[in-house]
Amino acid sequence: MKELEDRILKDGRVLPGNILKADSFLNHQIDPDLMQRIGETFADHFRTQNITKVLTIEASGIAPAMMTAYALHVPLVFAKKHGAHNIGSEFYTASVHSYTYDSDYTIVVSSAYLSDVDRVLIIDDFLANGQAVHGLLEICRKAGAACGGIGICIEKGFQPGGSELRAMGYDVMSLALIESMAGGKITFR
Ligand code: 5GP
């Protein structure tokens, strides 16, 4: 998605540890017009997949996932990070290793909102090593839900998450696929 690539080049910042800061438009301050076009682009690609729910993790995934769910006219479910919320006793959980904080956390989805009738589109802001997406896939497996695709705003292609998920057979659509951030210079694949 050329618009997202241009925005990354204009407003993104490369931090030590292969972290791309996109918080002036994607995940802290949010550009709603860009986000709407991101949602429509994911929806156009996955429209034939009979998606019944969009699934993401709080907090950064919610904005692109919400716009995608709106374009597909299906509910958005976001996994909560355990500890911060009390959502009752019936839930599915998975453990996720955080790329940005280098620590583990548990994600939780109420069993009321995901089941074996669902075909899920997973959306997230970034894909690096794939831990967050694997956590969401584990939640789907526990719920008996199928995964109809994975939509990522920014994939760091020099990290293994995307290629591993594609090798497993998942349709992973990345709107900006970064080839390299070496020396602070961003290039796209
Ligand atoms: P993964 O689980 O694929 O290793 O990392 C994806 C998750 O870590 C995303 O949900 C995102 O929040 C965070 N993340 C990974 N890499 C980056 C990055 O370069 N910049 C930002 N802002 N977040 C990242």
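Residues numbered from 1 in each chain as written. Predicted model: local features only at pLDDT ≥ 70, side-chain atom pairs only at ≥ 80, totals over all residues. Heavy atoms only, no water.

Considerations on the pattern of salt bridges
Here is step 1: For the structure on display, the rule yields eleven salt bridges.
Here is step 2: For the salt bridge of Lys-142 with Glu-138, the shortest nitrogen-to-oxygen distance reads 3.1 Å. Here Lys-142 pairs with Glu-138, and both are found in helix 4 (residues 131-143), just four residues apart, close to one helical turn.
Here is step 3: Look at the salt bridges and you will find they share partners, linking Arg-7, Lys-10, Asp-11 and Asp-31 into a network. (Salt bridge = Lys/Arg side-chain N within 4 Å of Asp/Glu carboxyl O. Helix = DSSP H or I, 4+ residues; strand = E, 2+ residues; numbered from the N terminus.)

Things to note about the confidence of the model for the protein chain
Here is step 1: Overall, the prediction assigns the protein chain a mean pLDDT of 95, with 96% of residues at 70 or greater.
Here is step 2: Overall fold confidence for the complex sits at a pTM of 0.96, while the interface term, ipTM, reaches 0.98. (pLDDT = per-residue confidence, 0-100.)

What to know about the side chain of Asp-118
Here is step 1: Checked against the element boundaries, Asp-118 lands in the loop between strand 6 (104-110) and strand 7 (119-127).
Here is step 2: A distance of 3.0 Å separates the side chain of Asp-118 from the backbone nitrogen of Ser-115, its partner in a polar contact.
Here is step 3: When neighbours within four sequence positions are excluded, Asp-118 is seen to be in contact with Thr-52, Lys-53, Tyr-113, Ala-145 and Ala-146. (Polar contact = N/O pair within 3.5 Å; in protein donor to acceptor, adjacent residues only side chain to side chain. Contact = heavy atoms within 4.5 Å.)

Focus: the site of the ligand
Here is step 1: The environment of the ligand is formed by 16 residues, the closest being Leu-20, Asp-124, Asn-129, Gly-130 and Lys-156.
Here is step 2: At 2.7 Å from an oxygen atom of the ligand is found a main-chain nitrogen or oxygen belonging to Gly-130.
Here is step 3: Separating an oxygen atom of the ligand from a side-chain N or O atom of Lys-156 is a distance of 2.8 Å.
Here is step 4: The fraction of the free accessible surface of the ligand (500 Å²) that becomes covered by protein chains is 88%. (Near = heavy atom within 4 Å. Areas by Shrake-Rupley, 256 points an atom, 1.4 Å probe, with all protein chains shown as cover.)

Some remarks on the sheet that holds strand 3 (residues 53-57)
Here is step 1: One open sheet accounts for eight strands, arranged 5-6-4-3-7-8-9-10; its pairing is mixed. Each edge of the sheet is formed by a strand with only one pairing partner; in this case those strands are strand 5 (91-97) and strand 10 (187-188).
Here is step 2: Relative to strand 8 (residues 146-156), strand 7 runs parallel, the two being bridged by eight bridges. Looking at the pairing, Arg-119 lines up with Ala-146 of strand 8. (Pairing = 2+ DSSP bridges.)

Some words on the UniProt feature "binding site: xanthine" (unreviewed entry) in the protein chain
Here is step 1: With numbering aligned to this structure, UniProt lists the feature "binding site: xanthine" (unreviewed entry) at Leu-20, Asn-27 and Lys-156.
Here is step 2: As for its placement among the helices and strands, Asn-27 is situated in the loop between strand 2 (19-21) and helix 2 (32-46).
Here is step 3: Leaving out residues up to four positions away in the same chain, Asn-27 has contacts with Ala-22, Ser-60, Asp-125 and Phe-126.
Here is step 4: Summarising the element assignment, Lys-156 is placed in strand 8.
Here is step 5: Residues contacting Lys-156, with those up to four places away along its chain left out, are Asn-18, Ile-19, Tyr-99, Leu-127, Ala-128, Ile-178 and Met-181. (UniProt positions renumbered as here; feature names shortened; annotations may be inferred.)

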